[in-house]
Amino acid sequence: MPSITFNGRTLSVNWTRTFGIGAVALIVGTGLGGTVWWQTRYNGAPEQTVHLTAFGNKEYPEDPEERSAEFGNYPHRRLRIQQRGETRFRFVIEPGSTHSTTIELSDVDLAHFVAAVPPWVKSDPDLTKVGLIDRERNRQQVSFRRGGHIQVHDGGDGFEQRALSRVDLARNCLNAGLWELLLFTVDDGVERVYAHVWFTFPLGLYKSLFERVNGLSYWDYWWSLEHWVDPTGTPIVLDRLRTVEQEWEVNATAQWDEHPAVRGEQILKRKNVLAGPVHTYRDWYTQPVQFASFIPPGRYSLKHSRDTQLHYLAEFVGAKLRQVRMQARPQPLFEIELVFRDSGTGEMSHLVFGGLDLGTLPATITEHYEQGWQAPMGIANPSFFESYEDLLAVPPSQRTFYGFHLDARDYWMDHHAVGVDGPLLHRDARDPATLHLYLLSYERHALLNHFVVRCPVDVCRGS
């Protein structure tokens, strides 16, 4: 198989399969130019400046963020990225007009941002592959409050010194390197975005981070991380993640006739749902359903509608609850399995959500489901949104949650294609023996179902 040598490492590449015949001809024809392109793409210099892209209200009507009245008035067009240690970085957001000023986000440990799997997974190549792909394909947005890591320089018209309340750094759910920055202010007591920019984190630095955090070669996974590679059909051996100590058949009911709850993120994203009237949860499964796709550099597009395969989840068969033991945690944890039948083929599949500490789940009422705990599918993934303090308190490498959609043979199914992003869970504030589980749709545009699970005595309490 043809190979190339880069940074002292020889890479075997099936060029035609990987890039296509036309691209191969171009690479061969350009010769030295291709080498220069490769070295530029994977430049590992510790300080680099990248371009920032922004979209206005007219360019991006699908944007679900709550925008400030000042949105677009304080542009930033360049970002300096400085490596200050093995995994620590400084981001300098440069002004794009005389109104704006320089904003620094400093001493950020990106070891907790890079696609990674925890140590106890690496002995299994299938779990490692699926874990890394799912980590890269799920959003991680981390908030930094004013002060501490944020410094607002003098300059501009004074608005940003006075009004900036928070900076969010996001690694979005597309190709490796596609990241975002969001700047917030408070309008009438509500925190809203006044600047949202997209950039490409330098892949040479990302490669170094990946290898330092994982102890794995980036080149063994680079194509999967930088381009969508569907690992459907990969066998998932759950016993390599956990050991089952107890199992219960539990009373779990799907609230098919309940009106889908809409709060928080789901309110902001309703405009990105393409479906007929949805009066009950059952209505998701009786019609074609599409959502606005998430496309590069990291934005929603109704013009690129995303099909779903919700027929896999159209008939709920039952649920099991298991007490499990994991290498990462001495105390027992729990796993919930929901079993479904395909409404068209009768094929069985199951959603598995495990590594759960039920006693630590928020207790709330269903009218405030958005206060529950949510996480993307995959292995040890961080939540979609969290503070930097919470990220440091429990780094992803120490998290035990795992979530899969598996077929009848326990082969991995692409939950993104089915239309599911992950679970949202909370205990019932009025009944401690009851657990509520909601299915978050693709990109969390909507809730696809609500399951009420009756736990054995004391399990939901965490006793």
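Everything numeric here is computed off the predicted structure, so don't read it as measured data.

**Brief notes about the overall build of the chain**
When its secondary structure is counted, the chain shows 10 helices and 27 strands. Here the C-alpha atoms of the chain give a radius of gyration of 23 Å, agreeing with the 23 Å that 2.2 N^0.38 yields for 463 residues. Burial analysis of the chain (463 residues in total) assigns 55% to the buried set. Counting every atom, the chain has about 19200 Å² of accessible surface; 49% of that belongs to carbon and sulfur.

**Some thoughts on a nonpolar patch on the surface**
Residues Val 262, Ile 267 and Leu 268 make up a contiguous nonpolar surface patch of roughly 200 Å² in combined accessible area. Tracing the backbone through its elements, the reader meets Val 262 in the loop between strand E13 (243-254) and helix H8 (265-268). For Val 262, a relative accessible area of 32% corresponds to the partly exposed category.

**Regarding the sheet that holds strand E7 (residues 103-109)**
Across the sheet, which stays open at both edges, the five strands sit in the order E3-E5-E6-E7-E9 with antiparallel pairing between neighbours. Whereas interior strands pair on both sides, the edge strands pair on one side only; in this sheet they are strand E3 (47-51) and strand E9 (150-152). In this sheet, neighbouring strand axes are inclined to one another by 20 degrees on average, regardless of whether the strands run parallel or antiparallel.

**Some points on the side chain of Thr 102**
For Thr 102, the position within the fold is in the loop between strand E6 (88-95) and E7. If sequence neighbours within four positions are ignored, Thr 102 has contacts with Val 92, Ile 93, Glu 94, Pro 95, Gln 151, Val 152 and His 153.

**Comments concerning the nonpolar core**
Membership of the largest hydrophobic core comes to 66 residues, with the highest contact counts inside it found for Phe 91, Leu 110, Leu 169, Phe 199, Phe 201, Tyr 218 and Phe 404. Per element, the largest residue contribution to this core is five residues, and it comes from helix H6 (residues 203-214). Not counting residues within four places of it along the chain, the set of residues in contact with Phe 201 comprises Ile 81, Phe 89, Phe 91, Leu 110, Gly 177, Trp 179, Tyr 206 and Leu 209. Grouped together as the second largest cluster of nonpolar side chains are 60 residues, Leu 310, Leu 435, Leu 448 and Phe 451 included.

**Quick word on the environment of Gly 131**
Along the chain, Gly 131 turns up in helix H4 (residues 125-136). Separated by 15 residues in the primary sequence, Gly 131 and Ala 116 place their C-alpha atoms 7.5 Å from one another. The residues contacting Gly 131, other than those within four sequence positions of it, are Val 117 and Ile 379.

**As for the sheet that holds strand E15 (residues 290-295)**
The strands making up a sheet are joined through hydrogen bonds of the backbone, oriented either antiparallel or parallel. Strand order in this open sheet of three strands is E14-E15-E16, and the pairing throughout is antiparallel. Lying at the two open borders of the sheet, with one neighbouring strand each, are strand E14 (273-274) and strand E16 (299-307). In the sheet, E15 pairs with E16 via six bridges, with the strands oriented antiparallel. Pairing of Gln 290 across the sheet is with Asp 307, part of E16.

**Some remarks on the side chain of Asp 407**
Inspection of the secondary structure assignment puts Asp 407 in strand E24 (residues 402-407). The buried charged residue Asp 407 lacks any salt bridge, with Arg 409 as its nearest oppositely charged partner at 4.0 Å. For Asp 407, the side chain forms a polar contact with the main-chain nitrogen of Arg 409, separated by 2.8 Å.

**Quick word on the pairing of strand E25 (residues 420-428)**
Burial runs high along E25: nine of the nine residues are buried. Pairing of strand E20 (residues 363-364) with E25 involves two bridges; the strand directions are parallel. Note on E25: the bridge partner recorded for Ala 363 is Arg 427. In the sheet, strand E21 (residues 373-374) pairs with E25 via two bridges, with the strands oriented antiparallel.

**A few points about H4**
In an α-helix there are 3.6 residues to a turn, and that puts residues three or four apart on one side. With 12 residues, H4 should cover 16 Å at 1.5 Å per step; its first-to-last C-alpha distance of 17 Å lies within 8% of that length. Of all 12 residues in H4, nine are buried; the element is thus mostly enclosed. Every buried residue of H4 is listed here: Leu 127, Thr 128, Val 130, Gly 131, Leu 132, Ile 133, Asp 134, Arg 135 and Glu 136.

**Quick word on the packing of aromatic side chains**
Going through the model one piece at a time under the given rule, you end up with 31 aromatic pairs. Ring centres 5.3 Å apart and planes at 50 degrees place the aromatic pair Trp 38 and Tyr 42 in the tilted group. Assessed through its relative accessible area of 8%, Trp 38 is described here as buried. A relative accessible area of 4% places Tyr 42 in the buried class. Each member of the aromatic cluster is reached from another via a ring pair, and the members are Trp 38, Tyr 42, Tyr 206, Phe 210, Tyr 218, Trp 219, Tyr 221, Trp 222 and Trp 223. Lying over the aromatic face of Phe 184, Arg 166 brings its terminal NZ or CZ to 3.7 Å of the ring centre. One Lys or Arg, Arg 444, reaches over the ring of Phe 384 and ends 4.3 Å from the middle of that ring.

**Considerations on H6**
The end-to-end C-alpha distance of H6 is 16 Å, a good match for the 16 Å that 12 residues give at a rise of 1.5 Å each. Of all the residues in H6, the buried ones are Leu 203, Gly 204, Leu 205, Tyr 206, Lys 207, Leu 209, Phe 210 and Asn 214. Directly after H6, the chain includes Gly 215, whose backbone phi takes a positive value near 65 degrees.

Rules used throughout
Residues numbered from 1 in each chain as written. Predicted model: local features only at pLDDT ≥ 70, side-chain atom pairs only at ≥ 80, totals over all residues. Heavy atoms only, no water. Helix = DSSP H or I, 4+ residues; strand = E, 2+ residues; numbered from the N terminus. Rg over C-alpha atoms; globule rule 2.2 N^0.38 Å. Buried < 20%, exposed > 50% of the residue type's maximum accessible area, 1.4 Å probe, protein only. Areas by Shrake-Rupley, 256 points an atom, 1.4 Å probe, with all protein chains shown as cover. Patch = residues over 30% accessible without salt bridge, like charges linked within 9 Å, V, L, I, M, F, W, Y side chains within 5 Å. Salt bridge = Lys/Arg side-chain N within 4 Å of Asp/Glu carboxyl O. Pairing = 2+ DSSP bridges. Axes fitted to C-alpha atoms, helices over the stretch in contact; angles between N-to-C directions. Contact = heavy atoms within 4.5 Å. Core = buried A, V, L, I, M, F, W, Y, C linked by side-chain atoms within 4.5 Å. Lys, Arg positive; Asp, Glu negative; His and termini not counted. Polar contact = N/O pair within 3.5 Å; in protein donor to acceptor, adjacent residues only side chain to side chain. Expected span 1.5 Å × (residues − 1). Phe/Tyr/Trp six-rings, centres within 6.5 Å; stacked < 30°, edge-to-face > 60°. Lys NZ or Arg CZ within 6 Å of the ring centre and 35° of its normal.

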